[in-house]
Amino acid sequence: MRLRFHCQNRVGILRDIVAHFADYGLNVARGEVGGEHGNAIYLHVPHLLHAQLATLKPELEAVPGVFGVRRVSLMPSERRHLELDALLSSLSDPVMSIDMEGHIVAANRAAGQLLGVRIDEVPGLSLDRYLHDLDLPELIRRNNARVNGLRVKLRDTTFLADIAPLHREHHDDVASLAGAVVTLHRAERIGARIYQVQRQELRGFEAIFQASPKLEALTREARRMAPLDAPLLIQGETGTGKELLARACHLASARGQAPFMALNCAGLPESMAETELFGYAPGAFEGARPEGKLGLLELTAGGTIFLDEVGEMSPRLQVKLLRFLQDGGFRRVGSDEETWLDVRVICATQQDLPRLCAEGRFRQDLYHRLNVLSLTVPPLRECRDGIPALAEHFLDRAARQIGCTVPTLSPAALARLTAYPWPGNVRQLENVLFQAVSLCEGERLEPAHLRLPDVGEAAELAGLDLEGTLAEIMGAVEQRVLATLYPRHPSSRQLAKRLGVSHTTIANKLKRHGIGGEGSEA
């Protein structure tokens, strides 16, 4: 059992406290001093029973200078260790600390997986077994400074290594090398990593491009809901930017400076999802770490947890999440101690949750708890009027990252973008344009640069807005037909011949719908 004593900082107070445990034949395994002014003492008494604590507590609180005694789940050093371990474990890149003989002192889970050993087998391994063409200790001695982007090959995989030397102070204040921390980045993922960092340049609602009236309306709704400290359910198809919207709501709330953590519930086994979200106690199961593991909820204390694809959550986890939403309490896996947290929950789904409730695959009471506030992100095919501005925005970003001149969209390319149904939504549009910029060698982007999967003619007319009069609906159909066919017959004369009408009729219709431009008469 672990105890926290709120006490006075005086000489001999620890001796007076520990004496009471000695009277009961209880061994104090470890003690730590905490608090801003040393006014807290933490003791780990492994064999202390609840009944004994009830008897001892009045005696302990009667010690001069002791103001209160209570149970805690972790010693301060244990919490720091868990937080550091959680940080290292969350890194997808292998991280290792080595000594000056080239032996690994500590490593994260990704490093263990790379080396093909269990994490507890990593300490003591020699990197010479894996890095045959590099004497890492000699490199550290020779440079005695940080090395970034060193290309190394380890287990038939090429990495870029960042090497940060570690120094220790001698009694004569002379620093000497103690080793280094080595972080390995997969060479083929460096570009993607840079892209992800640059995507975070725009934060909050300004990151949500409001080129379409529907997106503007969504942003207005989200701004009103963001400050409300209640669960929020975001619905929308894949690629519509649900996590981006969740982050914007978090940043615009009173919790904006606190952590934002995300967990994708899709595809995770129940046991892994439970330990990731709620953590586990020391020795909770075979193979568990002896010190336990902090879950994302505890790491998010005071902030916002984002649960993507919540419709994929198992029935058991639905019960635990419901209980947390009701009273803010939960238990780590393998623990009987309650943990209480203040965390806002934002969920997202592309599934029809009411239908899942009717089928018995999602709890009705949990759905109502999550659906206190709700937002629906429209698919891109319903925001086609925003595609030109979105395309211009993504082309500018792609060109800045690649380091080239921003290409202009030809009328035929823009027509192709406008006509496409975008099953992957805004994310797909962004990816297609990034690829197009990399393929375009001139200053004009043509349909040939757009690598769009063929989804069929019928799909290109899907998602038609049936609001309005018959004339308005037929006008929208006409616009979609012309936008679909124009890239294949990129002049009013060619298109008129294809549709069997006069050149003047087609020219007027193209002008009315804003399709084509200069050169369309050819």
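Heads up: the structure comes first, above all this text.
Since this is a predicted model, take the numbers as computed values, not measurements.

Draft legend 1. Region of interest: the overall build of the protein chain. Scanning the protein chain for helices and strands turns up 20 helices and 18 strands. Relative to the globule expectation of 24 Å for 522 residues, the C-alpha radius of gyration of the protein chain, 31 Å, shows a markedly less compact shape. Out of the 522 residues in the protein chain, the part that is buried amounts to 45%. Long-range pairs, those at least 24 residues apart, make up 64% of the contacts in the protein chain between residues at least 6 apart in sequence. When the accessible area of the protein chain is evaluated, it comes to approximately 26900 Å², of which 52% is carbon and sulfur surface. A distance of 3 Å separates the average location of the 60 positive side-chain charges in the protein chain from that of its 65 negative side-chain charges.

Draft legend 2. Just a nonpolar patch on the surface, in detail. Residues Val-481, Leu-499 and Val-501 make up a contiguous nonpolar surface patch of roughly 180 Å² in combined accessible area. For Leu-499, the position within the fold is in helix H19 (residues 492-499). Under the relative-accessibility criterion, Leu-499 is labelled partly exposed at 32%.

Draft legend 3. Molecular detail of the sheet that holds strand S11 (residues 260-264). The strand order across the open sheet built from 5 strands is S11-S12-S15-S10-S16, with neighbouring strands paired in parallel fashion. Strand pairing shows two members of the sheet lacking a second neighbour, S11 and strand S16 (373-376), which therefore form its edges. Direction aside, the axes of adjacent strands within the sheet are offset by 20° on average. Across 4 bridges, strand S12 (residues 304-308) lies against strand S15 (residues 344-349) in parallel orientation. When the sheet's bridge partners are listed, Leu-307 is paired in S15 with Cys-347. Docked against the sheet, helix H7 (residues 213-225) engages strand S10 (232-235), S15 and S16, running at close to 160° with respect to S16.

Draft legend 4. Quick look at the packing of H19 against helix H20 (residues 503-513). Interaxial distance between H19 and H20 falls to 8 Å at its minimum, and their mutual angle equals 115°. In terms of their interaxial angle, H19 and H20 are classed as roughly perpendicular. Our pair here, H19 against H20, has a crossing hand that is right-handed. Counting all contacts with H19, which are made through Ser-492, Arg-493, Leu-495, Ala-496 and Leu-499, the residues of H20 involved are His-503, Ile-506, Ala-507 and Leu-510.

Draft legend 5. A look at the nonpolar core. Counting residues in each nonpolar core, the largest one holds 29 residues, and the members touching the most others are Leu-297, Ile-305, Leu-307, Val-310, Val-345, Phe-362 and Leu-370. Of all elements in the fold, only helix H9 (270-278), helix H10 (296-299), S12, helix H11 (315-327), S15, helix H12 (353-358) and helix H13 (364-370) reach the threshold of two or more residues within this core.

Draft legend 6. Inspection of the environment of Leu-373 at higher detail. With respect to the helices, strands and loops of the structure, Leu-373 is situated in strand S16. In this structure, the C-alpha to C-alpha distance between Leu-373 and Asp-229, residues 144 residues apart in sequence, is 9.9 Å. When neighbours within four sequence positions are excluded, Leu-373 is seen to be in contact with Met-225, Leu-228, Ala-230, Pro-231, Leu-232, Leu-233 and Arg-344.

Draft legend 7. Inspection of the packing of aromatic side chains at higher detail. One pass over the structure, following the stated rule, counts 5 aromatic pairs. On the basis of an interplanar angle of 50° and a centroid distance of 5.5 Å, the ring pair of Phe-278 and Phe-330 is categorised as tilted. Taken together, the residues span a long stretch of sequence, with Phe-278 in helix H9 and Phe-330 in strand S13 (residues 329-331) at a distance of 52 residues. In this pair, the class of Phe-278 matches that of Phe-330, namely buried. Through successive ring pairs, a cluster of aromatic residues spans Phe-278, Phe-324 and Phe-330. Seen from the ring of Phe-278, Lys-320 lies directly overhead, with NZ or CZ sitting 4.4 Å from the centre.

Draft legend 8. Summary view of the sheet that holds strand S2 (residues 30-34). Here we have 4 strands laid out as an open sheet, ordered S2-S3-S1-S4, and antiparallel in their pairing. Edge positions in the open sheet fall to S2 and strand S4 (66-72), since each of these has one partner strand only. Strand-to-strand twist in this sheet, taken as the mean axis angle between neighbours without regard to direction, amounts to 20°. One ladder, built from 5 bridges, connects strand S1 (residues 2-7) with strand S3 (residues 40-44); its direction is antiparallel. What sits directly across from Leu-3, in S3, is Leu-43. This element, helix H1 (residues 13-23), spans S1, S3 and S4 of the sheet and lies at about 30° to S3.

The rules we used
- Numbering of residues starts from 1 in every chain and runs along the sequence as written.
- Totals for whole chains, interfaces and linings use all residues, but because this is a predicted model, local features are given only for residues with pLDDT of at least 70 and pairs of side-chain atoms are given and counted only at 80 or more.
- Side-chain figures throughout are based on the complete set of non-hydrogen atoms in the structure, without hydrogens or water.
- The helix and strand labels rest on DSSP assignments: H or I over at least four residues marks a helix, E over at least two residues marks a strand, and numbering proceeds from the N terminus.
- Atoms counted for the radius of gyration: C-alpha only. Globule rule: 2.2 Å times residue count to the power 0.38.
- Relative accessibility decides the category of a residue: with a 1.4 Å probe and only protein chains considered, values under 20% of the type maximum give buried, values over 50% give exposed, and everything between is partly exposed.
- We call two residues in contact when some of their heavy atoms are within 4.5 Å.
- Surface accessibility in these figures is a Shrake-Rupley result with a 1.4 Å probe; residues are shielded only by whichever protein chains are displayed.
- This count recognises Lys and Arg as positive and Asp and Glu as negative, with His and chain-terminal groups excluded.
- Taken as the charge location is NZ of Lys, CZ of Arg, CG of Asp or CD of Glu.
- Patches draw on residues past 30% relative accessible area with no salt bridge. Two like charges within 9 Å are joined, as are two nonpolar side chains (Val, Leu, Ile, Met, Phe, Trp, Tyr) within 5 Å.
- Salt bridge, as used here, is a side-chain nitrogen of Lys or Arg placed within 4 Å of a carboxyl oxygen of Asp or Glu.
- At least two bridges found by DSSP between two strands is the condition for calling them paired.
- Between the N-to-C directions of two axes lies an angle of 0 to 180 degrees, each axis being a line fitted to C-alpha atoms and, for a helix, fitted only over the stretch in contact.
- Oblique is the label for every angle not falling under 35 degrees (roughly parallel), over 145 degrees (roughly antiparallel), or within 65 to 115 degrees (roughly perpendicular).
- Each crossing gets its handedness from the near helix: less than a right angle anticlockwise from the far helix is left-handed, clockwise is right-handed.
- Side-chain atoms within 4.5 Å link the members of a nonpolar core, which is a set of buried Ala, Val, Leu, Ile, Met, Phe, Trp, Tyr and Cys residues.
- A pair of Phe, Tyr and Trp rings is counted when the ring centres sit within 6.5 Å of each other, with Trp represented by its six-membered ring. The angle between the planes then sorts it: under 30 degrees is stacked, over 60 is edge-to-face, the rest tilted.
- Two limits define a charge over a ring: the Lys NZ or Arg CZ must be within 6 Å of the ring centre, and within 35 degrees of the ring normal.

These figures come from the coordinates and say nothing about function on their own.
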